[in-house]
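Reading the structure
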Amino acid sequence: MAGSPPLCWVVLVVCLLGFAGAGNLNKELEITWGGGRAKIVNGGRMLTLSLDKGSGSGFQSRNQYLFGKIDMQIKLVAGNSAGTVTTYYLRSEKSKWDEIDFEFLGNLSGEPYIVHTNIYTQGKGDREQQFYLWFDPTADFHTYSFLWNPQTIIFYVDGTPIREFKNMESLGIPFPKRQPMRLQSSLWNADHWATRGGRVKTDWSNAPFTAAYRNMNADRTCIWPSSSCSSSKDHSWLSQRLDSAGHRKLKWVRRNYMVYDYCADSKRFPHGLPPECNV
Ligand SMILES: *[C@@H]1O[C@H](CO)[C@@H](O)[C@H](O)[C@H]1NC(C)=O
């Protein structure tokens with residue numbers, strides 16, 4: 001059996017490696033609901049969620065994480081997506097839960113999506129910030145990332161920070177760091193609030209609505225309850241913070257793309273803004 005392996009063997013081995021490798025979503029994710037509307041396709045390289053009048057669909061990570069930097073490429077529902085919401089978030093399971101949310105609110109064709117974000121600590125949220133994007137999120141895949149470490153939580157879009165929630169425990173503000181969280185995602189109908197505050201309803205003649213996911217990177221995570229943080233040697237994300245370039249980008253996003261900031265909504269908080277808003 002000397003000599004170079006026949007081409008068919010090389011192809012087979014490459015394919016098997018590809019299937020079992022880091023790019024395989026079957027390894028990281030499991031479908032949780034939707035009666036067949038959620039699918040992992042292309043040998044594990046892509047996941048699609050769909051929504052029709054009967055139901056939406058969803059998935060979650062197999063692992064729970066206690067800190068991590070997780071990237072996912074998502075292509076959102078195209079065309080008339082008004083009334084639909086694609087959620088992508090981390091959440092713990094206890095009744096006083098922690099949660100870090102991206103929610104993508106659909107719109108009529110050609111009208112802008114809104115990226116809705118929120119942070120819950122010990123069951124309390126009410127920390128919404130919303131943004132438009134500087135690109136069409138339905139035309140191609142873009143990378144949406146969480147950085148969650150003991151010092152800070154940062155939301156990124158294509159590597160640009162759009163929101164930071166620092167650890168302000170020294171000021172008595174709870175920070176998520178004691179409960180592991182699982183990645184969750186869903187596509188569902190929320191036309192009672194999603195688009196223009198619920199005024200634009202889902203047009204079911206466009207169903208099924210579909211969102212796609214690929215290239216998940218969860219290499220930089222602390223998988224709970226194992227004590228070590230990821231197999232890679234690079235642990236710099238565990239102490240990463242926004243540097244000055246990051247602060248400049250965050251300001252650019254806030255100045256040009258911010259739609260709503262709870263910290264600027266004094267009407268909603270007549271007895272004073274939440275304490276983290278005054279830092
Ligand atoms: C939808 O488009 C309208 C009109 O451009 C805009 O006011 C709204 O913020 C957009 N997004 C959502 C989710 O309603």
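For the structure, check the block above.
The rules behind the values
- Residues numbered from 1 in each chain as written.
- Predicted model: local features only at pLDDT ≥ 70, side-chain atom pairs only at ≥ 80, totals over all residues.
- Heavy atoms only, no water.
- Phe/Tyr/Trp six-rings, centres within 6.5 Å; stacked < 30°, edge-to-face > 60°.
- Lys NZ or Arg CZ within 6 Å of the ring centre and 35° of its normal.
- Buried < 20%, exposed > 50% of the residue type's maximum accessible area, 1.4 Å probe, protein only.
- Helix = DSSP H or I, 4+ residues; strand = E, 2+ residues; numbered from the N terminus.
- Pairing = 2+ DSSP bridges.
- Expected span 1.5 Å × (residues − 1).
- Contact = heavy atoms within 4.5 Å.
- Salt bridge = Lys/Arg side-chain N within 4 Å of Asp/Glu carboxyl O.
- Near = heavy atom within 4 Å.
- Polar contact = N/O pair within 3.5 Å; in protein donor to acceptor, adjacent residues only side chain to side chain.
- Areas by Shrake-Rupley, 256 points an atom, 1.4 Å probe, with all protein chains shown as cover.
- 1 Å grid on protein atoms, 1.4 Å probe; cavity = no way out; pocket = protein on both sides within 12 Å on 5 of 7 lines; lining within 4 Å.
- Sits in = over half its atoms within 2 Å of the grid points.
- Nonpolar A, V, L, I, M, F, W, Y, C, P; charged D, E, K, R; others polar.

This part covers the packing of aromatic side chains. Describing an aromatic ring pair means giving the distance of the ring centres and the angle of the ring planes. Counting across every chain of the model gives 17 aromatic pairs. When the ring centre of Y156 is taken as origin, the NZ or CZ atom of K69, which lies over that ring, is 5.3 Å away. The positively charged end of R214 is found above the aromatic ring belonging to F141, 3.9 Å away from the centroid.

Let us now look at the pairing of strand 10 (residues 152-157). In summary, the side chains of a regular strand alternate between the two faces of the sheet. The element strand 10 is largely enclosed, with a buried count of 6 among its 6 residues. The side-chain alternation of strand 10 yields two buried faces, one formed by T152, I154 and Y156 and the other by I153, F155 and V157. As defined by bridge partners, strand 9 (residues 142-148) adjoins strand 10 across 5 bridges and the pair is classed as antiparallel. If you follow L147 over to strand 10, its bridge partner there is I154. Counted along the chain from strand 9 to the antiparallel partner strand 10, the turn is 3 residues long. In this sheet, strand 11 (residues 160-166) lies alongside strand 10 in antiparallel orientation, the contact comprising 6 bridges.

It is worth spelling out helix 3 (residues 244-257) at this point. Taking 1.5 Å per residue as the helical rise, helix 3 with its 14 residues ought to reach 20 Å, and the 20 Å between its terminal C-alpha atoms agrees with that figure. Check the buried side of helix 3 and you find it contacts strand 8 (129-131), strand 11 and strand 14 (258-261).

Per the stated rule, a full pass over the model turns up 11 salt bridges. A salt bridge links E276 to R127; the nearest nitrogen and oxygen atoms lie 2.7 Å apart. Of this pair, E276 sits in the segment after strand 14 while R127 sits in the loop between strand 7 (114-120) and strand 8, and the two are 149 residues apart along the sequence. Relative accessible area serves as the criterion here: at 10%, E276 is assigned to the buried category. For R127, a relative accessible area of 4% puts it in the buried group. Bridged by salt links that share partners, the residues D126, E128 and R268 form one connected network.

The environment of the ligand is made up of L105, G106, N107, E111, P112, I114, Y132, A194, T195 and R196. Between E111 and the ligand, the recorded distance is 2.6 Å, taken from a side-chain N or O atom to an oxygen atom. Relative to its free-state accessible area of 360 Å², the ligand is covered by the protein chains to the extent of 77%. Because more than half of its atoms lie within 2 Å of the grid, the ligand is assigned to the second largest pocket. Residues belonging to the shell around the ligand are distributed by class as follows: 5 nonpolar, 3 polar and 2 charged.

Turning our attention to the side chain of Q60. By secondary structure assignment, the location of Q60 is in strand 4 (residues 57-75). Under the relative-accessibility criterion, Q60 is labelled buried at 16%. At 3.3 Å, the side chain of Q60 and the side chain of Q184 are in polar contact. Look past the residues within four positions of Q60 in its chain and what remains in contact with it is E28, L29, E30, T32, R182, L183 and Q184.

Right, let's get into the environment of T87. When you line up the elements, T87 lands in strand 5 (residues 84-91). The sequence separation of T87 and W188 amounts to 101 residues, and the corresponding C-alpha distance is 8.3 Å. Once residues lying within four places of it in the same chain are set aside, the contact partners of T87 are F102, E103, Q184, S185, S186, W188 and Y213.

Attention now goes to the side chain of E276. In terms of polar contacts, E276 uses its side chain to reach the side chain of R127, at 2.7 Å. Setting aside anything within four residues of it in sequence, one finds E276 in contact with R127, F165, M168, I173 and Y262.

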